[in-house]
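Residue-level listing of the chains:
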Amino acid sequence: MAAQHINSLRTPVPLNTVDRDAFRDMCRSFAEKEIGTRWQQADAEKRFPRAFYQAAARTGLIGITASEDIGGAGLGSYEEAIAMEEMSKVNPNLAVAVLVQNVAGSILYEHGSAEHREIARRTIAGECLVAITITEPEAGNDIQNVQTRATREGDEWVLDGMKSFITLGGDADVLVTLAQTDSKLGRRGMRFFAVDRHDPNIEVSQIETYVNRPAPTYRVTFNKARVPESRRLDAGFAAIMAGFNRERIMVAARWLGHMQTALNWARDYAQTRRQFGRPIGANQSIAFALAQAHVDVEAARRLTYHAAERWDSGVPLRDVILDVSAAKLHSTQAVVRVTQTALHVGGGWGLTTELPVMRWALDALVAPVTVGSVEIQLRAIAKEMGLPVD
Ligand SMILES: Cc1cc2nc3c(=O)[nH]c(=O)nc-3n(C[C@H](O)[C@H](O)[C@H](O)COP(=O)(O)OP(=O)(O)OC[C@H]3O[C@@H](n4cnc5c(N)ncnc54)[C@H](O)[C@@H]3O)c2cc1C
């Protein structure tokens with residue numbers, strides 16, 4: 001079936017179908033081989049392992065939903081969610097590097113010119129790492145307050161401003177950057193630019209976080225960085241931001257994988273760890289906490305894949321927003337609860353570096369904060385319910 005735009009705010013419906021069980025098995029073995037063996041050393045060295053990105057590209061996990069003419073697999077969000085879940089079961093932070101490539105890449109190939117599509121093709125091929133460069137010190141959830149200025153000079157644009165929290169910002173080759181071209185126009189003046197990160201007028205410095213390692217986040221400063229006009233994306237802010245709803249489904253899948261791993265570990269530990277002559281899981285309080293966590297995980301699974309299926313069905317964006325926000329909201333809250341439960345089940349040992357569970361609980365803390373926080377999702381859901389919330 002040929003790609004078809006259901007409406008201008010939506011991505012194409014999937015081109016291909018796939019045996020989903022076989023696809024999941026393939027993603028699982030990739031994650032065990034390429035993430036399981038790599039993430040701890042990369043974390044200790046505080047650097048992103050580029051070889052992981054290249055391996056993901058070779059395996060076809062970059063550009064899962066992109067069309068085949070630029071090297072994509074032409075699959076749906078459902079398959080992208082499967083990949084995200086399986087990778088995140090091993091480590092959600094290397095998984096997020098793939099997520100960033102898929103989101104930034106899709107901005108380029110869905111909305112860009114032939115030149116942008118060529119960058120996306122190279123990203124999918126493992127030759128051009130990209131970063132989403134939106135957030136600023138004074139523009140977090142309030143993206144419309146972006147202050148980075150783009151000023152036209154002949155055939156070029158000159159960028160000035162500072163971005164913060166840019167995942168892989170110092171590792172990337174191209175920064176897919178949101179800037180204001182005309183502050184009088186507000187959000188209508190905002191445009192994305194595919195900026196060469198190696199421009200000497202760009203400075204990067206790492207922001208040390210407790211989370212997301214080993215996919216570091218950076219401050220990125222543009223000091224009169226120059227970008228050719230041909231690197232400006234024509235599409236308006238609203239059209240591109242609509243696509244970010246798909247990113248929210250992937251975020252839900254990311255935290256689904258992570259919480260499943262934490263729950264599996266806690267269930268096994270509760271069966272084997274003995275106190276007072278019996279497994280700790282024989283105590284109702286522990287068993288019930290794990291039963292509750294199981295329901296959190298299963299609800300996350302259903303909401304995430306339901307949202308992905310709705311997205312892939314091609315219904316208009318307005319008819320899928322509620323599903324997307326519900327999945328994102330639940331998954332990002334549930335992962336905190338489930339990892340806290342696992343931490344509690346681990347007792348004092350859970351707080352040591354000898355067990356992985358404290359690290360999992362720390363990683364989960366970023367979930368409710370990014371890609372539209374809990375409050376932003378609640379507001380979207382309330383609006384869809386017809387409530388007069390501002
Ligand atoms: C590890 C990590 C990786 C990131 N990667 C990227 C990246 O690759 N690219 C990128 O561009 N950005 C990235 N970000 C930025 C991320 O998207 C922002 O941190 C996020 O948008 C929140 O912005 P903020 O931190 O400024 O919080 P703020 O927007 O200042 O929010 C602070 C608190 O106020 C609440 N709040 C804000 N507005 C409202 C409202 N209207 N109603 C109710 N409550 C509200 C929020 O929910 C939150 O609890 C990353 C962040 C982190 C921590």
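Residues numbered from 1 in each chain as written. Predicted model: local features only at pLDDT ≥ 70, side-chain atom pairs only at ≥ 80, totals over all residues. Heavy atoms only, no water.

> Would you take a moment to explain the packing of aromatic side chains for this structure?
Each aromatic ring pair is specified by the distance between its two centres and by the angle formed by the two planes. Summed over the entire model, instances satisfying the criterion amount to five aromatic pairs. Considering the side-chain rings of Phe-30 and Phe-52, the 5.9 Å spacing of their centres and the 35° angle between planes classify their relative orientation as tilted. Here Phe-30 is found in helix α1 (residues 20-35), whereas its partner Phe-52 is found in helix α3 (residues 50-59), with 22 residues between them in sequence. In this structure Phe-30 comes out as buried when scored by relative accessible area, which is 5%. In this structure Phe-52 comes out as buried when scored by relative accessible area, which is 0%. (Phe/Tyr/Trp six-rings, centres within 6.5 Å; stacked < 30°, edge-to-face > 60°. Helix = DSSP H or I, 4+ residues; strand = E, 2+ residues; numbered from the N terminus. Buried < 20%, exposed > 50% of the residue type's maximum accessible area, 1.4 Å probe, protein only.)

> Help me understand the pairing of strand β2 (residues 149-153) in this model?
In the case of a regular strand, side chains alternate between the two sheet surfaces. Two elements, β2 and strand β3 (residues 156-167), share five bridges in a ladder whose sense is antiparallel. Residue Arg-152 lies in a different strand from β3, and its bridge partner there is Trp-157. (Pairing = 2+ DSSP bridges.)

> Looking at this model, I keep getting lost on unusual backbone geometry. Mind explaining?
Leaving glycine aside, a negative phi is the common case for residues, and trans is the common case for peptide bonds. The omega torsion of the bond from Arg-213 to Pro-214 falls at 10°, within 30 degrees of zero and hence cis. Take Pro-214: it is sitting in the loop between β6 (202-207) and β7 (217-228). For Lys-46, which is not glycine, the phi dihedral falls at a positive 55°. By the element assignment, Lys-46 lies in the loop between α2 (39-45) and α3. The backbone phi angle of Phe-165 is positive, close to 60°, even though this residue is not glycine. Assignment of secondary structure puts Phe-165 in strand β3.

> For this particular structure, what's the right way to read a nonpolar patch on the surface?
Residues Met-385, Leu-387 and Val-389 make up a contiguous nonpolar surface patch of about 280 Å² in total accessible area. Following the sequence through the fold, Met-385 ends up in the segment after α12 (374-384). Note on Met-385: relative accessible area 57%, which makes it exposed. (Patch = residues over 30% accessible without salt bridge, like charges linked within 9 Å, V, L, I, M, F, W, Y side chains within 5 Å. Areas by Shrake-Rupley, 256 points an atom, 1.4 Å probe, with all protein chains shown as cover. Salt bridge = Lys/Arg side-chain N within 4 Å of Asp/Glu carboxyl O.)

> Can you help me understand the side chain of Gln-101 in this one?
Mapped onto the fold, Gln-101 is located in helix α5 (residues 92-111). Not counting chain neighbours up to four residues away, the residues in contact with Gln-101 comprise Tyr-53, Ile-62, Thr-123, Cys-128, Leu-129, Val-130 and Leu-168. (Contact = heavy atoms within 4.5 Å.)

> Where do I start with the packing of helix α7 (residues 237-272) against helix α9 (residues 321-345) in this structure?
Each pair of packed helices gets described by two things: the angle between the helix axes and the distance between those axes. Closest axis-to-axis distance for the α7/α9 pair is 8 Å, and the angle between their directions is 25°. With respect to α9, the element α7 is oriented roughly parallel. The way α7 lies across α9 gives a crossing that is left-handed. Partitioning the contact of α7 with α9 into residue classes produces 20 nonpolar, five polar and two charged. (Axes fitted to C-alpha atoms, helices over the stretch in contact; angles between N-to-C directions. Parallel < 35°, antiparallel > 145°, perpendicular 65-115°, else oblique. Left-handed = near helix turned anticlockwise from the far one by under 90°. Nonpolar A, V, L, I, M, F, W, Y, C, P; charged D, E, K, R; others polar.)

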